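Residue-level listing of the chains:
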Amino acid sequence: MRSMREVLFRVTQLLSGRAVLGWWLSLASVGVALTWLPLMDQPGYELASGLTLVLTFAGGGLAITAARRHPAPAASAVLLALSTVPALLMATLRTRFGTPCDPFASVAFVPLLILPSAGLVAVLGALAARISKRWWLAFLVYLGFVTLTALSTAWPLIEGPQVFAFNHLGGYLPGPLYDEELSVPPSLLWFRLATLCLAVGLGALLQHQRRRGVALLAVFVVIEASGTPLGFRMTDAALARALGGEVETEELILHYPSGLSDAEVSRVLGDLRFRHHQISAFFGTPPPGKVRVWLYRSAEEKQRLVGAAHTQFAKPWRREVHVNGLSFPHPVIKHELVHAMAAPWGAPPFGVAASLFGLQPHVGVIEGFAVAADNPVDELSLHEWTAAMKKKGLLPDVASLMTPQGFYGAPPSRAYTTAGSFLRFLADRFGKDKLRDLYRDGDFDRAFGQPLPALAKEYEAFLDGVPLEPDAVNQAFARFKRGSLFDRPCAREVGRLSAEAGGALSSDPQRARDLLARCHALQPDEPSHVLAEATALRRLSQDEASRALLDAELKRLEEEPSPWAEAALARAELAQEDGDLETARKLWLRILERKISPAMDRTAQVRLDGVGVDAVRRYFQPGDDDVKLFLLRDTGSPQWSVRYLLGRRLQQSGESAAALPVLEQLLGEALPTAIAKETTRLAIEAAFAVGRCDSVRRWAAPGRFGAAFDARAADWVERCAFAWP
């Protein structure tokens, strides 16, 4: 208590000096100004990180000035920490009284990031003041310390596989912005313990407490040396050991989880080699060198090992990609491979489109180039998605999207799709060589001979001429309606709550329901929370409450076709469970009448055809997939819906040889168009899996189901020719 009173006395003494008070007020004012920035208006990770950076770069001035009056850094550390209080108080009050968000949802980051950094800034400022009596020279020395810590953080990011960053002054970067769910990892606790040991140990040495200082610095060294096992540093060798499996071809090196079967590894490797072949063809020549691919068991493992959970990523300058999931074909591996393979045509040192000697990346060009080369096709083509987005008023400003600062301002799904469609349009219009030339520095005027605004205007006119089916606009709204992380209220809190609710739905539906009700209160315009809450209510046997919730949602969403259809399917399911088949049929028929999307049409048609078949009803309910498969095989019903679901389930389970006869028989019958289209897609995939390329080519014949389907089918024909030349 006595030492604390002494520190507080020194704090008041320091504040009596005009220079120290001026620095403190400046720091506090900058902190308060941060609370007006997106995501920093709440006392969570973003604000704590911003305040920590303010302390890192400007707090040294206060620490040096204070050390000239009193050399002990403890009082300076308290002053630095207190300079963040006005901003934290402002953010807390604004969150508490101006929003429905919980101001303390992510408050654990505040002390973890701010306090250790405040202590270290105070100590380094005092050390700099001791090294030089001149203030400006002492500040340069302090900036030298900051530079050293920055280099120690940047080196493993540049030379290693990780995308998380830990810095003793600047705090913590968990990885890409797109992962909304954010919690305090154990690695951060260990790292901040090391920061405290460093700060207190150096402070003790400054106060001539040698034994204490040496002991604490020894603990710091031990923790730092254990950075890899403790999770705040990663190396190639450690990552390779953690995954366990490795295979090399002439094009690439694949690191994979050791638990995968030989068949799974072969399938992944075949997918990678085919996509490498396609990208080389797009570029016109295979780029030199091999690509290294790191494949993880799960998003959680990837988050723990390298710092990105649900975001797949590439490090082009290292010619490597990091992905998780065993889907075949992998949905994003081609996109990430483009990043790695395009590195030779990007600007050094990072191998991406960048200006200012390669240090200012043009993210819109980087990501748009990868999407354009990938040219993904699902229900719609790349240009169809973007044209539908434009008709719905969701298209981002194209010219702004291509600027270094404009890409992250748009919702990710809209930004990636629009950027990719735009650059694909330019590649078709001017040639791929021009597009590859653009990738050097993102200079549209130099690469295409026209300014970016003129190219964007020409592209938007092109979109107006893209033919669209009536349901395309509805599909685009469903896919792209979600705003960016910066636009959604209480995004971090909702991300954490919804993830927790998903985990609790089976074991504790009451807890899940409470969490989802909170999500709904925070984001009342987001229908997914209501649908999930209705599911939780059904798990609790509160069918009446679930029914009322869904009925209200159907009325609210009448003018929003896609989310309305999701609610209609849930309400029809509940009606069928209640024996009210008339209501269920009306809802399924209404979905078909509104022509919302092929996926919705398929579901409604299957439910209508199999309305009296228990195996069909059970298929759409929670439960064991093996049991569902057994019921479909055992039912003996002649309905096409039974055989369609059976073939679909077998193919999704990897039983292609068993699925193919079922699907082939179905294709000989008269089926609704949406069902025939999906059955053909499944049959093509099953035929490829068993090596029947003649069947793949026959079912992939163009002209039956539209341009987007033809493009997907052609991809399988090309894949067949590559796998079985």
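Higher on the page you've got the structure.
Residues numbered from 1 in each chain as written. Predicted model: local features only at pLDDT ≥ 70, side-chain atom pairs only at ≥ 80, totals over all residues. Heavy atoms only, no water.

Chemist: Quick rundown of a nonpolar patch on the surface? Include the residues and the values.
Modeler: Taken together, the side chains of Leu82, Val85, Leu89, Leu93 and Phe97 make up a nonpolar region of the molecular surface, amounting to roughly 490 Å² of accessible area. A total of four residues in the nonpolar patch trace back to one element, the largest contributor, which is helix H5 (residues 85–98). You can see Leu82 is positioned in helix H4 (residues 73–82). For Leu82, a relative accessible area of 38% puts it in the partly exposed group. (Patch = residues over 30% accessible without salt bridge, like charges linked within 9 Å, V, L, I, M, F, W, Y side chains within 5 Å. Areas by Shrake-Rupley, 256 points an atom, 1.4 Å probe, with all protein chains shown as cover. Salt bridge = Lys/Arg side-chain N within 4 Å of Asp/Glu carboxyl O. Helix = DSSP H or I, 4+ residues; strand = E, 2+ residues; numbered from the N terminus. Buried < 20%, exposed > 50% of the residue type's maximum accessible area, 1.4 Å probe, protein only.)

Chemist: Describe in detail helix H2 (residues 18–34), supporting the description with residues and values.
Modeler: Between its terminal C-alpha atoms H2 stretches 24 Å, which fits the 24 Å expected from 17 residues at 1.5 Å a residue. Every buried residue of H2 is accounted for by Val20, Trp24, Leu27, Ala28, Gly31 and Leu34. The buried side chains of H2 occupy one side of the element, clustering within an arc of 115 degrees when seen end-on. (Expected span 1.5 Å × (residues − 1). Arc of directions from axis to C-beta.)

Chemist: Describe the packing of helix H6 (residues 109–131) against helix H8 (residues 186–206), and please don't skip the residues or the numbers.
Modeler: What describes two packed helices is the angle between their axes and the distance between those same axes. Orientation of H6 relative to H8, taken along the N-to-C sense of each, is 25 degrees, at an axis distance of 9 Å. One finds that H6 runs roughly parallel with respect to H8. As H6 runs across H8, the sense of the crossing is left-handed. When H6 is examined against H8, the residues Phe109, Leu112, Leu113, Pro116, Ser117, Gly119, Leu120, Val123, Leu124, Ala126, Leu127 and Arg130 are found in contact with a partner set consisting of Leu188, Leu189, Arg192, Thr195, Leu196, Leu198, Ala199, Leu202, Gly203 and Leu206. (Axes fitted to C-alpha atoms, helices over the stretch in contact; angles between N-to-C directions. Parallel < 35°, antiparallel > 145°, perpendicular 65-115°, else oblique. Left-handed = near helix turned anticlockwise from the far one by under 90°. Contact = heavy atoms within 4.5 Å.)

Chemist: Give a detailed account of the environment of Ile114, specifying residues and quantitative values.
Modeler: Within the fold, Ile114 resides in helix H6. Given the relative accessible area of 2%, Ile114 is considered buried. Once residues within four sequence positions are removed from consideration, Ile114 is found in contact with Ala48, Leu51, Thr52, Leu55, Thr84 and Leu88.

Chemist: Tell me about the environment of Gly465, and name the residues and values.
Modeler: With respect to the helices, strands and loops of the structure, Gly465 is situated in the loop between helix H21 (452–464) and helix H22 (470–480). Residue Gly465 is classed as exposed on the basis of its relative accessible area, which comes to 58%. Between the C-alpha atom of Gly465 and that of Ala387, which follows or precedes it by 78 residues, the distance is 8.4 Å.

Chemist: Help me get a handle on the state of the cysteines, residues and values and all.
Modeler: Counted by the stated rule, this structure contains one disulfide. The residue that forms a disulfide with Cys693 is Cys720, at a sulfur-sulfur distance of 2.3 Å. Classification of the bridge connecting Cys693 and Cys720 rests on its S-S torsion, roughly -95 degrees, and on that basis the disulfide is left-handed. Here the residue Cys693 occupies a position in helix H35 (residues 693–699), and Cys720 occupies one in helix H36 (residues 707–723), the gap between them amounting to 27 residues. The residues Cys693 and Cys720 share a single accessibility class, namely buried. (Disulfide = S-S within 2.5 Å.)

Chemist: Outline the environment of Leu587, listing residues and values.
Modeler: In this fold, Leu587 is placed in helix H28 (residues 581–594). Classification of Leu587 as buried rests on a relative accessible area of 12%. With 22 residues separating them in the primary sequence, Leu587 and Ala565 have C-alpha atoms 8.7 Å apart. When sequence neighbours within four positions are dropped, the list of residues in contact with Leu587 reads Leu554, Ala568, Arg571 and Ala572.

Chemist: Can you break down the sheet that holds strand E3 (residues 244–248) residue by residue, with the values?
Modeler: Within the open sheet, the five strands sit side by side as E3-E4-E5-E7-E6. Their pairing is mixed. What marks the edges here is a single partner per strand, and that holds for E3 and strand E6 (313–315). When strand polarity is set aside, the average angle formed by the axes of neighbouring strands in this sheet is 15 degrees. With four bridges connecting them, strand E4 (residues 252–257) and strand E5 (residues 291–296) associate as parallel partners. (Pairing = 2+ DSSP bridges.)

Chemist: Describe in detail the packing of aromatic side chains, supporting the description with residues and values.
Modeler: Aromatic ring pairs are defined here through the distance separating the ring centres and the angle between the ring planes. The full count for this structure, using the stated rule, is 30 aromatic pairs. Each member of the aromatic cluster is reached from another via a ring pair, and the members are Tyr45, Phe109, Phe164, Phe166, Tyr172, Phe191 and Phe232. The residue whose ring lies beneath Arg96 is Phe97, and the NZ or CZ to ring-centre distance is 5.3 Å. Its end group placed over the ring of Trp564, Arg594 keeps NZ or CZ at 4.7 Å from the ring centre. (Phe/Tyr/Trp six-rings, centres within 6.5 Å; stacked < 30°, edge-to-face > 60°. Lys NZ or Arg CZ within 6 Å of the ring centre and 35° of its normal.)

Chemist: Outline the packing of helix H23 (residues 491–504) against helix H24 (residues 509–522), supporting the account with residue identities and numerical values.
Modeler: With their axes 8 Å apart at the nearest point, H23 and H24 run at an angle of 155 degrees to one another. As judged from the angle between their axes, H23 and H24 are roughly antiparallel. Handedness of the crossing formed by H23 with H24: left-handed. Residues Glu493, Val494, Leu497, Ser498, Glu500, Ala501 and Ala504 of H23 touch H24, and the partners they reach there are Pro509, Arg511, Ala512, Leu515, Leu516, Arg518, Cys519 and Leu522. When the residues that make up the contact of H23 with H24 are grouped by side-chain class, the tally is 10 nonpolar, one polar and four charged. (Nonpolar A, V, L, I, M, F, W, Y, C, P; charged D, E, K, R; others polar.)

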